[in-house]
Amino acid sequence: MFFVRTASERDLAKVSALLGETWHATYDTLYGVEKVAELTAKWHSVPALKARLARKNAEFVVADNGKDIGGMAYAAMSETLKKGAILHQLYVLPKFQRQGIGRDMFAELETCFPDAEFMQLEVEPENHAAVAFYEAHGFVKIGETANCGDGQSGIPAIIMEKPLG
Ligand SMILES: CC(C)(COP(=O)(O)OP(=O)(O)OC[C@H]1O[C@@H](n2cnc3c(N)ncnc32)[C@H](O)[C@@H]1OP(=O)(O)O)[C@@H](O)C(=O)NCCC(=O)NCCS
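Numbering of residues begins from 1 in every chain and follows the order in which that chain's sequence is written. At least 70 in pLDDT is required for a residue's local features to be given in this predicted model, at least 80 for side-chain atom pairs to be given and counted, and no such filter applies to totals for whole chains, interfaces and linings, which use all residues. To get the side-chain values, take all heavy atoms of the structure and skip hydrogens and water.

1. Description of the pairing of strand 7 (residues 157-163)
- Extensive coverage of strand 7 is indicated by the burial of five of its seven residues.
- Pairing of strand 5 (residues 118-123) with strand 7 involves six bridges; the strand directions are antiparallel. Within strand 7, the position partnered with F118 by the bridge is P163.
- The rule for pairing is simple: two strands pair if DSSP sees at least two bridges between them. Per the convention used, a helix needs a DSSP run of H or I reaching at least four residues, while a strand needs a run of E reaching at least two, with both numbered from the N terminus. Here five bridges tie strand 6 (residues 140-145) to strand 7, and the two strands are oriented antiparallel to one another. Paired with V140 across the strands is E161, a residue of strand 7. Three labels apply to residues, based on accessible area from a 1.4 Å probe with only protein chains included: buried if under 20% of the type maximum, exposed if over 50%, partly exposed otherwise in between.

Dropping the structure here:
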């Protein structure tokens, strides 16, 4: 039985490993193993995660069953969009997917931003499971970007949004 709780620094090595495994399982066929390895090394290192954990106006949660970390999710108030929160990451280890962990983590994050009127995210258009998950949780497509994540990643994404409150 997994429960959702706030992440702490001692979870970060496990979260980094979870992200590496889940990214390869999700994106290798879309971007190739090398590109995934490059991006996951850059974005999911323990120092990169530590910076996220330290950020104000942000929530970093994990799903814990007392033995394993089965999922992680991270959202923060937007620095550019007024009254908007951004869902940056939502990942469940492949072996634990489709058991309600994503739903439970999202339910927690959705309640963490009383000042936000909407939540936005970017998702790979070919990631049909994630798009289905977000549609099931009230997100609708509002646009597209050629560079998901930071700078010039070269990764296309659709932008989805959900009203909050
Ligand atoms: C997308 C993801 C976070 C969903 O988490 P999860 O724990 O597997 O999903 P849940 O069990 O909470 O699913 C809740 C609902 O979302 C929808 N859903 C989830 N996975 C789905 C899939 N593969 N296909 C269709 N619908 C799906 C369903 O409506 C589901 O409800 P149901 O199981 O009662 O039908 C998870 O599958 C994941 O980590 N995928 C790989 C990484 C990823 O793509 N992350 C998002 C990046 S933007």
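2. Structural notes on the nonpolar core
- Residue types Ala, Val, Leu, Ile, Met, Phe, Trp, Tyr and Cys, when buried and joined through side-chain atoms within 4.5 Å, form a set referred to as a nonpolar core. Grouped together as the largest cluster of nonpolar side chains are 53 residues, with contacts concentrated most on M72, M119 and Y134.
- Only heavy atoms enter the contact rule, under which two residues are in contact if any of them lie within 4.5 Å. Residue contacts for Y134: discarding those within four places in its chain leaves L87, L90, L121, V123, F139 and M160.

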